[in-house]
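Report on the structure
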Amino acid sequence: MKVLHVITGLEVGGAAQQLRLMLRRLPARCEVVTLAGPGPLADGIRADGIPVTHLGMTRSRDLRVLPRLTRLIRDGGYDLVHTHLYRACVYGRIAARLAGVRAVVATEHSLGDAVIEGHRPTPGVRILYRATERLGSATVAVSDTVAARLRRWGVPEARIHVVPPGIEAHRFRHDPLVRSAVRFRLGIPLDAFVVGGAGRLVPAKRFDVLVRAVTQLSGVHLLLAGEGPEHAMLRRTARQFGSGDRIHLLGALDRGPEEGPAKDLDIPGLLAAADVFVSPSQDEAFGSAVLEALAAGLPVLYGSCPAVDELPADHPPGARRIGPVAYELTTALREVRRGGAPRLPVPSVVRRYDIERSAASLMAVYEAAVAAAPARRRNPGAQPPPPEPAPQR
């Protein structure tokens, strides 16, 4: 099976990171198209042996990319098109239909109760979403919570498939030597209490609450990984409270190499150096960062995490839900600090979301979509596709 993945951009973030993990495990010949800036993950995907094409979109309504994308799909001989993120889903579904590819799967990574990809959806956004969703074969929700939101948006139940993101738990296994090395590199005392956080620095993630909470705790350090428009504001807040030397804004970090030690600071290193992980967002679609922290044996305080909240009530994963205000988070952090924040056993919830299982579930959606689609109208001048290679591992 030959599959084209269409994504809005490949900046470091949950959707792009998940795409790279899936590409390594799907038993299909995959290629990637990014509408806007390719971002740092494009080089990583190319290094994995997967072609990446950039269409040069300069604004949200840059309609010039539509004929380019249609031509690329028509000439590529693809059996299926898989779209990721709102703009790519809209443009990709239309282009696939114009190119004659009727097997189209879309993954909804970032649909919150009141936001989609960090922005409040206008009535026009909802109308366009529903209209173009009908052009596809299936819509993948990353959690039962997102599936329910899709139904409220008007997507028929029969078209919704829940395929949760997966993680590579072994990458986040705690290493005391890495803990010491990261703290030394950042100038953090070995006996200091360290809070970790990771995500896009946008209002919906509520990292302002996390920064304010940590500024109220004497001697506590925060390691926050991510990039986004709130970076400067978070830095100003830290300085305003006299905590600029304890709030470490680390920028975008990778998930670490397949094997061997990382050459630069990465997410596993951040988690090794931390004593507790905080995800303050109150409106998440899944919560991969929480799972990664649990895989590192950390206690976790979170505002919203369907990956955990959808489990049975008697399933204790080592995570605790918190409210939306800084005072409550400060109180919870004090409690964790008093308890000594020992490393915890990796809970079974982490194994539940193994990347191999997620890739197998997604491949089943692909096969059903291709089987149900009419035969593709091929370009008469196109060459037949070469034999499929062995699955990439």
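An unreviewed UniProt entry annotates the protein chain as D-inositol 3-phosphate glycosyltransferase originating from Streptomyces natalensis ATCC 27448.

1. With respect to the environment of Ala99
Assignment of secondary structure puts Ala99 in helix α4 (residues 86-99). When the C-alpha positions of Ala99 and Val155 are compared, they lie 24 Å apart, and in sequence the two are 56 residues distant.

2. A closer look at the sheet that holds strand β13 (residues 319-321)
Backbone-to-backbone hydrogen bonds join strands into a sheet, with any given pair of strands oriented parallel or antiparallel. The strand order β10-β9-β8-β11-β12-β13 describes an open sheet built from 6 strands, whose pairing is parallel. With one partner strand each, in any of the chains shown, β10 (247-251) and β13 form the two edges of the open sheet. Strand-to-strand, the axes of this sheet are offset by a mean angle of 20°, without reference to chain direction. Inspection of the sheet shows strand β8 (residues 194-198) paired to strand β11 (residues 276-279) by 2 bridges, in the parallel sense. Note on β11: the bridge partner recorded for Val195 is Val276. Here helix α8 (residues 207-215) sits on the sheet in contact with β8, β9 (221-225), β10 and β11, set at roughly 160° to β9.

3. Focus: unusual backbone geometry
Non-glycine residue Leu85 carries a positive phi angle of around 80°. Residue placement: Leu85 occurs in the loop between β4 (80-84) and α4. Phi is positive for Arg206, close to 60°, though the residue is something other than glycine. You can see Arg206 is positioned in the loop between β8 and α8. A relative accessible area of 27% places Arg206 in the partly exposed class.

4. Some details on the domain arrangement of the protein chain
Entries for the protein chain in the domain assignment read domain 1 (2-166 + 354-372) and domain 2 (169-352). Computed from C-alpha coordinates alone, the two centres of domain 1 and domain 2 are separated by 29 Å. Domain 1 puts 21 residues into the contact, and the matching count from domain 2 is 16 residues. Approximately 1,500 Å² of surface area, both sides summed, lies buried where domain 1 meets domain 2, with 45% of it carried by carbon and sulfur atoms. Scanning the region where domain 1 abuts domain 2 turns up 1 salt bridge. Between Arg149 and Asp283 there is a salt bridge, and its shortest N-O distance comes to 3.1 Å. On inspection of domain 1 and its partner domain 2, the count reaches 7 residue pairs in polar contact (both at pLDDT 80 or more). If you list the elements that add at least two residues to the side of domain 1 that touches domain 2, you get α1 (14-23) and α6 (144-152). Of the residues belonging to the side of domain 1 that touches domain 2, the class tally is 8 nonpolar, 6 polar and 7 charged.

5. A look at α1
Within α1, 9 of the 10 residues are buried, leaving the element largely enclosed by the surrounding structure. All buried positions along α1 are accounted for by Ala15, Ala16, Gln17, Gln18, Leu19, Arg20, Leu21, Met22 and Leu23. Elements in contact with the buried residues of α1: β1 (2-7), β2 (29-34), α2 (41-47), β4 and α15 (355-372).

Rules used in this analysis
Residues numbered from 1 in each chain as written. Predicted model: local features only at pLDDT ≥ 70, side-chain atom pairs only at ≥ 80, totals over all residues. Heavy atoms only, no water. Helix = DSSP H or I, 4+ residues; strand = E, 2+ residues; numbered from the N terminus. Pairing = 2+ DSSP bridges. Axes fitted to C-alpha atoms, helices over the stretch in contact; angles between N-to-C directions. Contact = heavy atoms within 4.5 Å. Buried < 20%, exposed > 50% of the residue type's maximum accessible area, 1.4 Å probe, protein only. Domains from an automatic or database assignment. Buried area = accessible area lost by both parts, 1.4 Å probe. Salt bridge = Lys/Arg side-chain N within 4 Å of Asp/Glu carboxyl O. Polar contact = N/O pair within 3.5 Å; in protein donor to acceptor, adjacent residues only side chain to side chain. Nonpolar A, V, L, I, M, F, W, Y, C, P; charged D, E, K, R; others polar.

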